[in-house]
Amino acid sequence: MAPQSTIYHGTVAGRIAVGRWRWLGGSWNLSPLAALVGAIALAAAAALAGAATPAASAAVEGIGSGDGEQTGSRAVITDLKRGGSTVTLKFTIYNDSNAELNIGGRFNASGYKENGGRSFSGIHLLDSVSKKKYFVAADSDGNCLCSEGVNDVPPKGQVSLWAKFPAPPDNVQKITVQIPHFIPVDDVPIK
């Protein structure tokens, strides 16, 4: 197939010369077509960037966060919700460092069954209004109602965790979440 020649068409009287290209039996006006494709590409890129930025930011920030003792680690509170006589805390620990974040028994509390350890039974909720400290709830066998058997967090990794607590009074709308080895997260809203 012989290559098609380019034909330029336009006038000088206040109009921009527009290129035309004959291809597949049609005459294609390149400037408006290129402008349309460019506009669609820019709109799509802006929409994707706009949609990704708040979601990524919300995922990283959650409803509160605190840096950890290990450089590059942080805990992000994603949810604290009432349900009957308990509140459920959901959070993610991020390890942005190049070293493993050791879980071991660092987050355990005494008074619970071990079940192999590596639990998050040592988390507390601190109510500054009533001046009360809420401990992780336990079932009738003494097992914590929290994440257990948690593996070490690899470099550049993350782990999602949870814990249940007795519910503070209904008039308590915000509370401090204290995760061992992390800065306490103040004013976490209770839904």
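Because the structure is a prediction, the values reported are computed rather than measured.

Analysis parameters
Residues numbered from 1 in each chain as written. Predicted model: local features only at pLDDT ≥ 70, side-chain atom pairs only at ≥ 80, totals over all residues. Heavy atoms only, no water. Pairing = 2+ DSSP bridges. Helix = DSSP H or I, 4+ residues; strand = E, 2+ residues; numbered from the N terminus. Axes fitted to C-alpha atoms, helices over the stretch in contact; angles between N-to-C directions. Salt bridge = Lys/Arg side-chain N within 4 Å of Asp/Glu carboxyl O. Buried < 20%, exposed > 50% of the residue type's maximum accessible area, 1.4 Å probe, protein only. Core = buried A, V, L, I, M, F, W, Y, C linked by side-chain atoms within 4.5 Å. Contact = heavy atoms within 4.5 Å. pLDDT = per-residue confidence, 0-100. Disulfide = S-S within 2.5 Å.

Engineer: Summarise the sheet that holds strand β10 (residues 174-178); cite the residues concerned and give the values.
Structural biologist: Read across the open sheet, the four strands follow the order β8-β7-β10-β11; overall the sheet is antiparallel. The open sheet has two edge strands, β8 (132-135) and β11 (185-189), and neither has a second partner. Adjacent strand axes in the sheet meet at a mean angle of 35 degrees when their direction is disregarded. For strand β7 (residues 124-127) and β10, the ladder comprises three bridges, and the chain directions are antiparallel. Along β10, the bridge assignment pairs Leu125 with Val177.

Engineer: Before we move on, can you summarise the pattern of salt bridges with the specific residues and values?
Structural biologist: Counted by the stated rule, this structure contains five salt bridges. The partner of Arg82 in a salt bridge is Asp170, with the nearest N and O atoms 3.7 Å apart. Highlighted residues: Arg82 in strand β5 (residues 73-83) and Asp170 in the loop between β9 (157-166) and β10, separated in sequence by 88 residues. A relative accessible area of 23% places Arg82 in the partly exposed class. A residue is classified by how much of its surface remains accessible, and Asp170, at 61% relative accessible area, is exposed. The partner of Asp152 in a salt bridge is Arg118, and the shortest N-O contact between them spans 2.6 Å. With Asp152 in the loop between β8 and β9 and Arg118 in the loop between β6 (86-95) and β7, this residue pair connects regions lying 34 residues apart in the sequence. Using a relative accessible area of 24% as the deciding quantity, one classes Arg118 as partly exposed.

Engineer: So what's going on with the nonpolar core? Which residues, and what values?
Structural biologist: Judged by nonpolar contacts, the single largest core of 32 residues is most densely connected at Phe91, Ile93, Phe120, Ile123 and Ile179. Going through the elements one at a time, β5, β6, β9, β10 and β11 are the ones with two or more residues in this core. When neighbours within four sequence positions are excluded, Ile123 is seen to be in contact with Leu89, Phe91, Tyr134, Phe135, Val136, Ala163, Phe165, Val177, Gln178, Ile179 and Pro180.

Engineer: Outline the environment of Ile77, supporting the account with residue identities and numerical values.
Structural biologist: Tracing the backbone through its elements, the reader meets Ile77 in strand β5. A relative accessible area of 0% means that Ile77 is categorised as buried. On a C-alpha basis, the gap between Ile77 and Val188 in space is 8.0 Å, while along the polypeptide they are 111 residues apart.

Engineer: Can you explain the confidence of the model for the protein? Please cite residues and give values.
Structural biologist: On average, the protein scores 79 in pLDDT, and the residues at 70 or more come to 67%. Here residues 5-18 is a poorly scored stretch, pLDDT under 50, and it has 16 contacts once near neighbours within four places are set aside; other chains count.

Engineer: Lay out the state of the cysteines in plain terms, naming residues and giving numbers.
Structural biologist: Chemically, a disulfide is nothing more than a covalent bond linking the sulfur atoms of two cysteines. Applying the stated criterion across every chain, the model contains one disulfide. A sulfur-sulfur distance of 2.0 Å marks the disulfide that ties Cys144 to Cys146. Judged by the sign of its S-S torsion, about -70 degrees, the bond between Cys144 and Cys146 is left-handed. Both residues of the pair, Cys144 and Cys146, count as buried.

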